[in-house]
Number of protein chains: 2
Amino acid sequence: MAAGVYIQASCGGEGFCGKCRVQVEKGEVESAPTPKISEEEFARGFRLACQSRVRSDVEVRIPVESHLDRRVIARTRERVSAGRRVSPQELESLVLGWCFNPALRKQYLELEPPTPKDNRSDLSRLLLSLKKKFGFEGISVDSRLLHKLPFVLREADWKVTATLVQTRMESQLGEYQLRGSRRTKLIDLEPGDTTQTHYSIVLDIGTTTVWGQLLDLNKRQTLAESSDYNPQIQYGDDVITRIVYSQKAGGLKKLQESVVGTINGIIRELIARAGVELSRVSHMTAAGNTIMTHLILGLDPKYLRESPYTPVANYIPPVRATELGLEVGEHVHLYTFPSVASYVGGDIVSGVLGSGIYQRKPLTLYIDIGTNGEIVIGNSDWMVTAACSAGPAFEGGGIKHGMRATTGALEDFRIDPVSYEPMLLTIGMVKPKGICGSGLINMIAEFLEAGVITPNGKFNTDLPTRRIRSGPDGKEYVLAYAGETATGMDLVLTEVDIDNLMRAKAAMYAGYVTLLQSVGLSISNLEQVVIAGAFGSFIDLERAITIGLLPDLPLDRFLFIGNGSLLGARLISFCNEMLDDGERVCKMMTNIELSENPHFMDNYMAALFLPHTNGAEFPGVSARLAAKKAI
Amino acid sequence: MAAGVYIQASCGGEGFCGKCRVQVEKGEVESAPTPKISEEEFARGFRLACQSRVRSDVEVRIPVESHLDRRVIARTRERVSAGRRVSPQELESLVLGWCFNPALRKQYLELEPPTPKDNRSDLSRLLLSLKKKFGFEGISVDSRLLHKLPFVLREADWKVTATLVQTRMESQLGEYQLRGSRRTKLIDLEPGDTTQTHYSIVLDIGTTTVWGQLLDLNKRQTLAESSDYNPQIQYGDDVITRIVYSQKAGGLKKLQESVVGTINGIIRELIARAGVELSRVSHMTAAGNTIMTHLILGLDPKYLRESPYTPVANYIPPVRATELGLEVGEHVHLYTFPSVASYVGGDIVSGVLGSGIYQRKPLTLYIDIGTNGEIVIGNSDWMVTAACSAGPAFEGGGIKHGMRATTGALEDFRIDPVSYEPMLLTIGMVKPKGICGSGLINMIAEFLEAGVITPNGKFNTDLPTRRIRSGPDGKEYVLAYAGETATGMDLVLTEVDIDNLMRAKAAMYAGYVTLLQSVGLSISNLEQVVIAGAFGSFIDLERAITIGLLPDLPLDRFLFIGNGSLLGARLISFCNEMLDDGERVCKMMTNIELSENPHFMDNYMAALFLPHTNGAEFPGVSARLAAKKAI
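### Examining the overall build of chain A
Inference 1: In terms of regular secondary structure, chain A is built from 17 helices and 28 strands.
Inference 2: Its C-alpha atoms give chain A a radius of gyration of 27 Å, within 12% of the compact-globule value 25 Å for 631 residues.
Inference 3: Along the longest, intermediate and shortest principal axes, the C-alpha atoms of chain A span 100 × 65 × 45 Å.
Inference 4: Long-range pairs, those at least 24 residues apart, make up 71% of the contacts in chain A between residues at least 6 apart in sequence.
Inference 5: Here chain A has roughly 23,700 Å² of accessible surface; of this, 51% comes from carbon and sulfur atoms.
Inference 6: For chain A, the centre of its 67 positive side-chain charges and the centre of its 73 negative side-chain charges are spaced 2 Å apart.

### Things to note about the interface of chain B and chain A
Inference 1: Listed by partner, the interface residues are 50 residues for chain B and 51 residues for chain A.
Inference 2: The residue R144 of chain A makes a salt bridge to E323 of chain B at a minimum N-O spacing of 3.1 Å.
Inference 3: Viewed at the interface, chain A and chain B are joined by 16 residue pairs in polar contact (both at pLDDT 80 or more).
Inference 4: Elements supplying a minimum of two residues to the side of chain B that touches chain A: α3 (122-134), β8 (140-141), α4 (149-155), β10 (183-191) and α8 (302-305) of chain B.
Inference 5: Ranked by residue count, the leading element in the side of chain B that touches chain A is α3 of chain B, at five residues.

### Section: the sheet that holds strand β1 (residues 21-26) of chain B
All names here are of chain B.
Inference 1: Within the open sheet, the three strands sit side by side as β3-β1-β5. Their pairing is antiparallel. Edge positions in the sheet fall to β3 (46-48) and β5 (59-61), since each has one partner strand and no second. The sheet shows a mean angle of 45° between the axes of neighbouring strands, taken without regard to direction.
Inference 2: Note: β1 against β5, three bridges, orientation antiparallel. Looking at the pairing, Q23 lines up with R61 of β5.

### Concerning the relation of the copies chain B and chain A
Copies of the same chain, two in number, are related to each other by a rotation about an axis and a translation along it.
Inference 1: By a simple turn and slide, chain B fits onto chain A: the slide is 0.1 Å along the axis, the RMSD is 0.1 Å, and the turn is 180°. When the rotation and shift are considered jointly, the pair of chain copies conforms to a two-fold rotation axis.
Inference 2: Here 100% of the interface residues in chain B have copies in chain A that are interface residues too; the copies meet face to matching face.

### Examining the packing of aromatic side chains
Inference 1: Summed over the entire model, instances satisfying the criterion amount to 26 aromatic pairs over all chains.
Inference 2: Ring geometry for F413 of chain A and F447 of chain A: centres 5.3 Å apart, planes at 70°, overall edge-to-face. Taken together, the residues span a long stretch of sequence, with F413 of chain A in strand β20 (residues 409-415) and F447 of chain A in helix α10 (residues 437-450) at a distance of 34 residues.
Inference 3: On the basis of relative accessibility, which here comes to 1%, the residue F413 of chain A falls in the buried class.
Inference 4: Arranged with centres 6.2 Å apart and planes meeting at 65°, the rings of Y335 of chain B and F337 of chain B form a pair that is edge-to-face.
Inference 5: Judged by its relative accessible area of 7%, Y335 of chain B falls in the buried class.

### Observations regarding the nonpolar core
Inference 1: Counting residues in each nonpolar core, the largest one holds 108 residues, and the members touching the most others are L130 and L186 of chain A together with I263 and M284 of chain B.
Inference 2: Among the elements that line this core, the one with the most residues is helix α6 (residues 251-274) of chain B, at nine residues.

### Let's talk about the packing of helix α11 (residues 495-518) of chain B against helix α16 (residues 598-606) of chain B
Residue and element names in this part refer to chain B.
Inference 1: Running from N to C, α11 and α16 point in directions that differ by 135°, and their axes come no closer than 8 Å. Here α11 is positioned oblique relative to α16, judged by the angle of their axes. When the axes of α11 and α16 are compared, the crossing they make is right-handed. For the pair α11 and α16, the contacting residues are R503, A506, A507, A510, G511, V513, T514 and Q517 in the first and H599, F600, N603 and Y604 in the second.

### Some details on the pairing of strand β27 (residues 558-562) of chain A
Residue and element names in this part refer to chain A.
Inference 1: Of all five residues in β27, five are buried, a share of seventy percent or more.
Inference 2: Burial along β27 is two-sided: the residues F558, F560 and G562 and L559 and I561 are all buried.
Inference 3: Where strand β6 (residues 84-85) meets β27, two bridges bridge the pair, whose relative direction is parallel. Paired with R84 across the bridge in β27 is L559.
Inference 4: Two elements, strand β26 (residues 528-532) and β27, share four bridges in a ladder whose sense is parallel. From the neighbouring strand, V529 faces β27, where its bridge partner is F558.

### Remarks on helix α9 (residues 346-355) of chain A
All names here are of chain A.
Inference 1: A large share of α9 lies buried, amounting to 10 of its 10 residues.
Inference 2: Three or more residues of α9 are buried, namely G346, D347, I348, V349, S350, G351, V352, L353, G354 and S355.
Inference 3: The first or second residue beyond α9 is G356, which carries a positive phi of 70°.

### Digging into the pattern of salt bridges
Inference 1: Under the counting rule described, the total for this entry stands at 70 salt bridges over all chains.
Inference 2: In this structure, E330 of chain A and R144 of chain A form a salt bridge, with 3.0 Å as the shortest nitrogen-oxygen distance. Highlighted residues: E330 of chain A in the loop between β15 (319-320) and β16 (333-336) and R144 of chain A in the loop between β8 (140-141) and α4 (149-155), separated in sequence by 186 residues.
Inference 3: The salt bridge partner of E257 of chain B is K253 of chain B, with a shortest N-O separation of 3.1 Å. On the criterion of helical spacing, the pair formed by E257 of chain B and K253 of chain B is a turn pair, its members being four residues apart in helix α6.
Inference 4: The class for E257 of chain B is partly exposed, based on a relative accessible area of 43%.
Inference 5: Residue class for K253 of chain B comes out exposed when judged on its relative accessible area of 55%.

### Concerning the confidence of the model for chain A
Detailed conclusions should not be drawn from predicted coordinates in areas where pLDDT is low.
Residue and element names in this part refer to chain A.
Inference 1: When pLDDT is averaged along chain A, the result is 90; 93% of the residues meet or exceed 70.
Inference 2: Contacts of residues 169-180 to residues separated by more than four positions or lying in other chains number 41 contacts, the stretch itself having pLDDT below 50.
Inference 3: As a predicted assembly, this complex carries a pTM of 0.86 together with an ipTM value of 0.85.

### Describing the environment of I37 of chain A
Residues and elements named next belong to chain A.
Inference 1: Mapped onto the elements of the fold, I37 is located in the loop between β2 (29-31) and α1 (39-43).
Inference 2: By relative accessible area, I37 is classed as buried at 8%.
Inference 3: A sequence separation of 11 residues divides I37 from L48, and the C-alpha atoms of the two residues are 7.5 Å apart.
Inference 4: Among all residues touching I37, those that are not within four sequence positions of it are R21, F42, F46, R47 and L48.

### A few points about the packing of α9 of chain A against helix α14 (residues 564-574) of chain A
All names here are of chain A.
Inference 1: With their axes 7 Å apart at the nearest point, α9 and α14 run at an angle of 65° to one another. Between α9 and α14, the angle falls in the class roughly perpendicular. α14 is crossed by α9, and the crossing has left-handed handedness. For the pair formed by α9 and α14, the contact residues are D347, S350, G351, L353, G354 and S355 on the first element and G564, S565, L567, G568, A569, L571 and I572 on the second.
Inference 2: Taken together, the residues that form the contact of α9 with α14 break down as five nonpolar, seven polar and one charged.

### Focus on the sheet that holds strand β1 (residues 21-26) of chain A
All names here are of chain A.
Inference 1: Spatially, β3-β1-β5 is the arrangement adopted by the three strands of the open sheet, whose pairing is antiparallel. If you trace the sheet from one side to the other, it starts and ends with β3 (46-48) and β5 (59-61), each paired once. Going from strand to strand, the sheet's axes swing by 45° on average, the running direction of each strand aside.
Inference 2: In this sheet, β3 lies alongside β1 in antiparallel orientation, the contact comprising three bridges. In the strand pairing of β3, Q23 is matched with F46.

### A closer look at α10 of chain A
Every α-helical turn comprises 3.6 residues, leaving residues that sit three or four positions apart pointing alike.
All names here are of chain A.
Inference 1: Here α10 contains 14 residues, and its C-alpha end-to-end distance of 20 Å stays within 8% of the 20 Å for a straight helix at 1.5 Å per residue.
Inference 2: For α10, a buried count of 13 out of 14 residues is recorded, marking the element as mostly surrounded by other parts of the structure.
Inference 3: Backbone geometry just after α10 places G451 at a positive phi near 75°.

Calculation criteria
Residues numbered from 1 in each chain as written. Chains lettered and ligands numbered in written order. Predicted model: local features only at pLDDT ≥ 70, side-chain atom pairs only at ≥ 80, totals over all residues. Heavy atoms only, no water. Helix = DSSP H or I, 4+ residues; strand = E, 2+ residues; numbered from the N terminus. Rg over C-alpha atoms; globule rule 2.2 N^0.38 Å. Contact = heavy atoms within 4.5 Å. Areas by Shrake-Rupley, 256 points an atom, 1.4 Å probe, with all protein chains shown as cover. Lys, Arg positive; Asp, Glu negative; His and termini not counted. Charge placed at Lys NZ, Arg CZ, Asp CG, Glu CD. Salt bridge = Lys/Arg side-chain N within 4 Å of Asp/Glu carboxyl O. Polar contact = N/O pair within 3.5 Å; in protein donor to acceptor, adjacent residues only side chain to side chain. Pairing = 2+ DSSP bridges. Axes fitted to C-alpha atoms, helices over the stretch in contact; angles between N-to-C directions. Least-squares fit on C-alpha atoms with pLDDT ≥ 70 in both. Phe/Tyr/Trp six-rings, centres within 6.5 Å; stacked < 30°, edge-to-face > 60°. Buried < 20%, exposed > 50% of the residue type's maximum accessible area, 1.4 Å probe, protein only. Core = buried A, V, L, I, M, F, W, Y, C linked by side-chain atoms within 4.5 Å. Parallel < 35°, antiparallel > 145°, perpendicular 65-115°, else oblique. Left-handed = near helix turned anticlockwise from the far one by under 90°. pLDDT = per-residue confidence, 0-100. Nonpolar A, V, L, I, M, F, W, Y, C, P; charged D, E, K, R; others polar. Expected span 1.5 Å × (residues − 1).

If you want it as structure tokens, here you go:
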């Protein structure tokens, strides 16, 4: 960690995931024995990093399977599956009725210098001019600005640019506030005319990755984008492991500081890429799930994990960014999107805002698929939401050779219907290293369609291929032999892996059905499905339907919006009034705790089949599979 | 300074006032020669502290004349002169139409604990309960509270006390805001029911002394009082010297930190005296002149001293007290009274508020006499104000044996009309050490009535007394011979001293007259004179009229209110709505720069006489003096 090297560390240092294997090449390391490292490997210097203490200067090799490659975070998908994907420009028009009207604005002023006849205070002079020239009344002032005020005015010969924010800096919390109650606050003053250089930063603070964009508040443009892994993954892959870590001594502070460090790196990159000055950034907006939001603000997430799962707060007032350790101007505040519940966070609110589903009549299913899958169902009249603990399979967790979607991950897959030989495509077009979540979906759909596996997820051992064999974990299919892989080991998919993916997709599907049932509706009532999130962007729509992860609806009802967090964050940066809409969206959503719902488990059991125990729920898939079988 | 010893240091370390004499008894000190220390004194170890560098461990004696005695700050005046003095209880009823309704309030709540069916956030639960039980809507929240919120709630078994403030925490600056626009902000949460223990602290930050009072916000009582010298006097006696010092490297920080240190001491004393817990203090309010207000907040006072004399701001939003270094709860904010101009500060606004003159028809002169004398004239329709640079004579500055009003200062004085022998009374009833401002007024009035000095301030050398003699600075009167004094030196009053006092009183008087002229009125129109401030409390009304410092009006028109700063600060602590009145008072006052007024100098010259060149302006005094002369 201290060296800034990313390695996989799913379990947060507990020692049971076995992903942080490293090979000690020089120096002394003291390690407890672990079943994750064989005796032979131990002799060759392999250790679990989290179970080792460094006792001298050491040289350590990070094997490919333990490595996270930051470059692939920002890859784009060239091969587009069915379903609509919209361009960034179109994306911002999914939501209706907004105009370019940023809460942050700059105004250039030429003041009359004081005279013995008019020696009002510097602040009064400035406020009077803002009133006379631009009609601003009742402006409040950030008291920290007063320290530099007299000097900026005089050094600039009374020609200055004021930065103002139209907002509830002391936010109305927990209550929806009518439009029009905003106030103007003066937050910065710069010498000369800087009105043409005015920026804000939006952030998507995800459990795995952090994304940032630099916005031009004059031109309504995204000037630069940057991303990085959330360094908290070193303390645990998923939000639960992070909450556990936060309860250790100093844990919360470490988690907070590590993600702030990464955001500072992203800010530096954004500024450098766009070639702008940091001091011209006036505001930051972040969207993240409830746990990420608690952690960046240094709020203790302890009770998010203990039943009945209560956040500290859903609406959090903007915080001075420098107080969090963010390296920006002292006047910059960080606004975090409000959350709905412990496991339905600001990222979802932001995406629902950006997709405009709260403004339209059609019944929409909005989903963000992942370890913690989030589901929203509703329209302009009502919305219900739930979080769905799908487990880590979509991110390669619990899969024997599972890995994140980075270089070497097996991403696309075809199988020869006669020889049952595989055709593999990896991210970065290199030797295969493992299987990422979207690859796993493709593979299992392909196996199902080809009859390599049965609808209950078991391998058909009657097929004429040696690739299906018995391994240490039961039946498995050899995707690539040792000589063909980056790890030098056979790359296999096991029945246990298939089972884990089925559990994950069943949890998501049971979530949709249970939420719909809670409002007296069913899958067939859905008029639109909006898929948000990085994982969603990379899945093949038809194959995801084939395995029963997505409902069997006409393909043109599906819409991919990509990063919904950034979408909503951009919208509220560009349009003051959208902030109200964001909070209205948050208040509209009724959270349903699936774990408390008696029907959820039934729906889950029914979905533990490919695509589903009730074929009628997947008429298209069922018909196709029946037709293939008939051949 | 580092040892916490108070010594006089009027010039702020420049070396020209000569008041910081110390006597080195042991150790090595390197000092530049100075005309303030004679060769003989130098040989005996006398040095100016500010001109010396310590080169080894040393033992230093502080001579009585250099010593400031903190105990006498809080003395009360037993011998009351003419004019009305009101009791503390009556004081608070000078202003009309206020009721006990503090902006700070505590509410005890018993919350329903969260359940799986009701797992809203901790903050939402709290806000909902405040709404249901007490009708508070649209509450904003101090984001720092969120860090402890979940723990306080659970440790207290959901039985808690919320501290709320009804205020514009993000204050409306520079504009008068109508009543009723306040919002409620949640600033603290305590376990259990603490509603019965709720306090605030009010401060008068004076150039020379700092006063604090602890208020009970339940019982409308002042529980304790404490005071100390403003330690900034070590960096200069008057505000101008302090501004000069603030421009040295690190000077502003030292000035800010030193007064904060003293306030912290006062807070500790208040808490200890009243036997309450510091955590139960929810708010602080301070009134001070514009320079003191800038310094406590760390705002640079540079341009207060340079023409055209502009403050950074007159209205300053409340600041989190801990950010200033004040040792109170993190939720406590410091509100500083707004100022009118560079030399008419929040102390005057506070006093004018407390005296209620802005509510009544009678034309009132409100004065605070001192080095920087402040004058307000007006009534419920209008007010004009001016600052008047009277010089340091009222505080013993520029007077050969002048000193502050501490132990040993000659305070009262009678002269035998036959022998011209003096009768002296000192503060603390000890051997005389010097002459304080009020003693000086008494002495000169007495001399004038007895014919020892003429109306132009010169000694009558024809009198049969050896006490009038020629000294190194011209003619002088020996008040006490070396054997009778604490200093072991003859204690004298010189013609130069008399001249300095005449200049000071002439500046004040010219101020009243010039201000009155600016609105087309004269002294005879005054229906009331309100005298505020520590110095004012100790002057003898009739003698102050005799020398022409106060106008020659019927004695029952004079009202002494004492510390006006604390009076107004108490009022706004006890009554939320008085905060609006304070800001209205501030906006009502029109500041007149006397230095820019062509008539001021004429009025000043006319007043350089005892009582005045125009005897008709002082009919009572003139008649009395004429009658005595006739005898």
